[in-house]
Structures are given as structure tokens and as C-alpha cells.
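Take a look at the letters that make up each chain.
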Amino acid sequence: MKSKYSIFSLARNAKNYHKDWEKAWRSPAPKAEYDAVIVGGGGHGLATAYYLAKNHGLTNIAVVEKGWIGGGNTGRNTTIIRSNYLQDSSIAIYELARSLYEGLSQDLNYNMMFSPRGVLMLCQTEHEFRAFKRTAHANRLAGLDCRMVTPAEVKEIVPIINTDPNCRYPILGAYYQPRGGTGRHDAVAWGYARGADELGVDIIQNCEVTGILRDGGRVTGLSTTRGEIKTKKIGVVTAGNVSTIMDMAGVRMPIESLCLQALVSEPIKPVIDCVVMANTVHGYMSQSDKGELVIGGGTDPYNNYSQRGSFTALEHTVTALVETFPIISRLRMLRQWGGIVDMTGDRSPILSKTDIEGLYVNCGWGTGGFKAIPGSGFVFADTMANDRPHKIAEPFGLNRFAEGRLIDESVAAAVAH
Amino acid sequence: MLVVTCPVCNASGDETDFHYGGQAHVRRPATTDPVNITDEDQRDYLFIRHNPKGLHFERWRCDRGCGKWFHAARDTVTMEFKATYGITELPPAELIKEAKGPWADYFKKRLKEKA
């Protein structure tokens, strides 16, 4: 049993100059056999393992990760949490995730710094204004706390914004979700890892999957760089690398891997206390607790596995934000990085069983996976444990592409998620 | 930043002078056999994509040059363009040999059809 994190444990450890903190999770060698194995130690994979153990009593399970946990997109996103999507199926899963985020720090005994500071999505063309109004109506019918706000209110919420009606893309209003916000992305991975580890889950890092072993139409195990692991249930949760893994099982995916970049500025005093998304001009921004402005934009258009994007896409993002927030024009940018996102045709995720018995897949979160981590893990764990889709996961099956039952969020959410 | 050369007009430029057109050699099944296509064929045509880590074959358009579409073989890890070739052509033989996974299966089928 791990000791709980609290103000008292902090004080106790301060006395020893913080030398005696125990490891947050073990680093075990892989066992020969598990009841289930999750491939991919990002937020979604770790959350799946945590809920498998906590809600379904499956504790003889492992998470295998080729690098280190949370080193992929979980540690590379801009940490935005919101649930104001257009379609009912999307609202259900993203709102489940957002509401789980509210109590996650307590549940995991790990401060993931959920900050419901509000998410403001700007309307900068008539078209966008009408599209968001439609989303607002859909969301209110679904019971979400969201509303349209006027340009004057936008200025009140974000004083540094440029509301000049004569600029190229004037602000005509905004769509506001006050309960949305940001979280500490690394802490989400670490918290779920620590929670899962405490329940007996083996988290195996530096262990790359090299093959999926099958006996006819069912899985029997995995071959990895650290030896073979027998198991009857495999959950593939590998985001941008999902096609590579699924090819090993001969399952073709409706996925393309693109590079999405983000950047942060030098730290400055607090200037913005909510998240602003400007979808028409492709840019979004918030301020971290350290004072850096956290900036994201659109993806590069072409397939990419390099985790490095082009300068063109960055320039485009920064140009857009300088017009929206003129005061940032002289800020220097501190760091920039890229992550490989898995895009589906309808920009909605895939949470599905496959034609191979015991093989499950959770992917396609594209540019907006971070906000969904708790909900995704919750319903995917239920899907794997009971070998049937959870009610919320059901619309997100792989079969929707053959049945033409798409969940179209590509128009509804514009570019930025 | 990618540097691309159009095989049609020989114009060279960076990625902003060209337009990305996604996976190459996608064939609409209804064009050849409209009666017998299944939902799965149509799904494969519309949504299923080769998504290799490494050598990939794709369509590009020479936006600010001749305006023609063409094919390119590009590595999705190093970003290197291995070759560009005409929109009706198959890639150079040595690159077909280099192709792996679903691309290798695809070219095997295409070459058999041709023969």
C-alpha cells in the first residue's frame, strides 16, 4: 500500500530534504502471461488500465509502452478540456470525461490541477457564428452549461483581445463553456500510472511491441522487444502509431497520421485567465501557471511520423494570434514541438472491438484526445472487460465506416479541438 | 520544410507552392464494377488508408506552377522525396520493391493485373 500524498506527507518529506519519497510506480519485468495487455502507455492506455483494475477487478494486467509513459501526445498537447461538441454521441463521451476530470485529483490522490477557467470559442465570420449557435442549441438540449456571449462580454472575459470591428476577422461573438478549462497533462499520465500500479497493474516501459500473436481468429499474445507475453485480450491504444500496430494483426484502419505542433512563449505576468480558441484563423491560446502562453494551431497537411512539423504551420498559427492578441506581437517563443495525431475521416474517435477475438482498439482522437482521457479509459475498460461495447462507446465502432453512420465533427469543431 | 519538384513542369518550390492530395493509387470501385460493390469496398475506397511509417506513395498538385496533379514517393519519417512520377504511372520498380506491408500487397496485385 502506497502512502497517500497530502500536506502532511509533504511536510514530513521536507524534513528529509525530499530524499525519501517512494517511487510512484514500480518498473517490473514482464510476466509470462496476463489476463489483458494494453499497448500504449499514454493517458488513454493508463486510464484504461486503471479503470479495468478499479471498476472491473482485472488486476493481472499490464501496460506496455515503447518509450516512457506520457512521452507521446499526452505530454505534447495544449491541455484544453471541454465537451461542447455538436453530435449527441460526442457530447456523451466528452462530457463524461470532463465531469470525471472534476473529481480526478481526489480519485487518484494526485493533483492534476484541473482548472475550470472557461473555454471561449470565437466567432469570426457570420458562418462560424451561425454554426456555433447551432452547437449551442444542441449542447443546451443535452444539458451542458454553455452559452453564446457578445463581443462586449468577450472583451470583459479577455481584456487583451482585439475587438476592432474593422480587422480582417472581427469578433462577432463567442461560444463559451465556463466549466471547460485546462489540466496538468503530465500529472494525468503520472496519476493514472500511480493509481493503476497501486491496484497491481504492471507498467512496462521501454518495451516495444513487434508482433501480435494469433491462433486463427483470436489473439494469443504479443511479441515484444522484452520477450513474448501471453494474453487473451489486447487493447491497442497507440494514437499516431495505431496503423503500424494494427497492420501486425492484419486489421486495416481508417486513419492517417499527421503532425500537430504547439509552442510556448517566454513566461510573462498573468494576462489571460481562460482558454481562447480562434478556429477561423487556426490558433488557440491559454496561459500556464508558470506564465508561459501555450499556443496551438492546425496540423501539417501531409502524413508524418517524425514528431517535427513545418515552420509554415507555426507561422500561420502565430500570425493568426498576433492579430487576435496584438500585445503578444513582441513576445519571444521559448519552445516548440510536434506530436503525431491519428486522424479519422469524420474526426471522431474509434472505440471498438475488431473482427479478431480479444483484440480491441481505442484511437482516432486526432487533435483532441487529452480532454477525453478519463471518459475514454472508463468506457474502453468496460468494453474490454465485458467483451461488448459500452453504451457510450457503441456509436464509435469501426463498423460505422462501412455502414455510413459517421459522427461528423469535422465541420462542427472546425480545425482546432 | 519540404522541397518539392514537379515532374511535369520541373518547377521547384517548398510545400506552400504545392498541395497535398493524400494517398496515391486509390481507385473508385464503382467505376469498374458498379453493380457488385459492397459496403466494405466503398468503405475501403472512402476511409481506409495506407498509413506507413516510412516509404509512402501520395498525390501532390503543382499549385503555383503548371497546376497538374502528380505522384510522389516520400518517407514519412525522414520527409525525403524518393521520386516523383506521372499521375497515371506506377512508381519506379526499385521503389515498388522497397514498399512494405499494405503497399507491398497492393503493388503485387496491380502488377499481376497488368501482366
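In this report, we go over the structure that sits alongside the text. Computed from a predicted model, the values in this text were never measured in an experiment. (Residues numbered from 1 in each chain as written. Chains lettered and ligands numbered in written order. Predicted model: local features only at pLDDT ≥ 70, side-chain atom pairs only at ≥ 80, totals over all residues. Heavy atoms only, no water.)

## Points about the pairing of strand β1 (residues 36-39) of chain A
Residue and element names in this part refer to chain A. Neither face of β1 is exposed, since A36 and I38 on one face and V37 and V39 on the opposite face are all buried. Bridge count between β1 and strand β2 (residues 61-64): four bridges; the pairing is parallel. The partner of I38 across the bridge, within β2, is V63. One crossover worth recording links β1 to the parallel β2 by way of helix α2 (residues 43-56), and it is right-handed. For β1 and strand β12 (residues 234-236), the ladder comprises three bridges, and the chain directions are parallel. Within β12, the residue paired with I38 across the bridge is G235. (Buried < 20%, exposed > 50% of the residue type's maximum accessible area, 1.4 Å probe, protein only. Helix = DSSP H or I, 4+ residues; strand = E, 2+ residues; numbered from the N terminus. Pairing = 2+ DSSP bridges. Right-handed = clockwise from strand over helix to strand, strands pointing away.)

## Things to note about the interface of chain A and chain B
Taken together, the 24 residues of chain A in the interface contact 23 residues of chain B. When chain A packs against chain B, close to 2100 Å² is buried across both sides, 57% of that on carbon and sulfur atoms. By the criterion of area lost to chain B, the three top residues of chain A are R252, Y302 and Y305 of chain A, representing 30% of everything that side buries. The tally of links between chain A and chain B comes to zero salt bridges. Where chain A meets chain B, there are 13 residue pairs in polar contact (both at pLDDT 80 or more). For the side of chain A that touches chain B, the secondary structure elements donating two or more residues are α8 (242-248), β13 (256-265), β16 (293-303), α9 (311-324) and α11 (400-403) of chain A. When the residues that make up the side of chain A that touches chain B are grouped by side-chain class, the tally is ten nonpolar, ten polar and four charged. (Contact = heavy atoms within 4.5 Å. Buried area = accessible area lost by both parts, 1.4 Å probe. Salt bridge = Lys/Arg side-chain N within 4 Å of Asp/Glu carboxyl O. Polar contact = N/O pair within 3.5 Å; in protein donor to acceptor, adjacent residues only side chain to side chain. Nonpolar A, V, L, I, M, F, W, Y, C, P; charged D, E, K, R; others polar.)

## Considerations on the sheet that holds strand β10 (residues 218-224) of chain A
All names here are of chain A. Here we have three strands laid out as an open sheet, ordered β9-β10-β11, and antiparallel in their pairing. Where the open sheet ends on each side, the last strands, each with one partner, are β9 (209-215) and β11 (227-230). Strand-to-strand twist across the sheet, computed as the mean angle between neighbouring axes with direction ignored, equals 25 degrees. Bridging between β9 and β10 involves six bridges; their strand directions are antiparallel. (Axes fitted to C-alpha atoms, helices over the stretch in contact; angles between N-to-C directions.)

## Observations concerning the packing of aromatic side chains
When we look at a pair of aromatic rings, we describe it by the centre distance and by the angle of the planes. With the rule as written, the count across this model stands at 22 aromatic pairs over all chains. When the ring of W103 of chain B is compared with that of Y106 of chain B, the centres are 5.7 Å apart and the planes differ by 85 degrees; the resulting orientation is edge-to-face. Of this pair, W103 of chain B and Y106 of chain B both sit in helix α4 (residues 101-114), three residues apart, which is roughly one turn of the helix. Y106 of chain B matches W103 of chain B in its accessibility class, with the two residues each being buried. An aromatic cluster is built from Y50, Y51, Y192 and F378 of chain A, whose rings are joined through pairwise contacts. Here the guanidinium or amino end of R82 of chain A rests over the ring plane of Y85 of chain A, the centre of that ring lying 4.7 Å away. The ring of Y5 of chain A has R194 of chain A lying over it, and the distance from NZ or CZ to the ring centre is 3.6 Å. (Phe/Tyr/Trp six-rings, centres within 6.5 Å; stacked < 30°, edge-to-face > 60°. Lys NZ or Arg CZ within 6 Å of the ring centre and 35° of its normal.)

## As for the pattern of salt bridges
Residues and elements named next belong to chain A. Applying the stated rule across the entire model yields 23 salt bridges over all chains. For D107, the salt bridge identified is with K54, shortest N-O distance 3.1 Å. In this pair, D107 sits in helix α4 (residues 104-108) while K54 sits in helix α2, placing the two residues 53 residues apart along the sequence. For K54, a relative accessible area of 42% gives the class partly exposed. The closest approach of N and O atoms between E403 and R405, which form a salt bridge, is 3.1 Å. You can call R405 partly exposed: its relative accessible area is 33%.

Nothing here speaks to function; it is geometry throughout.
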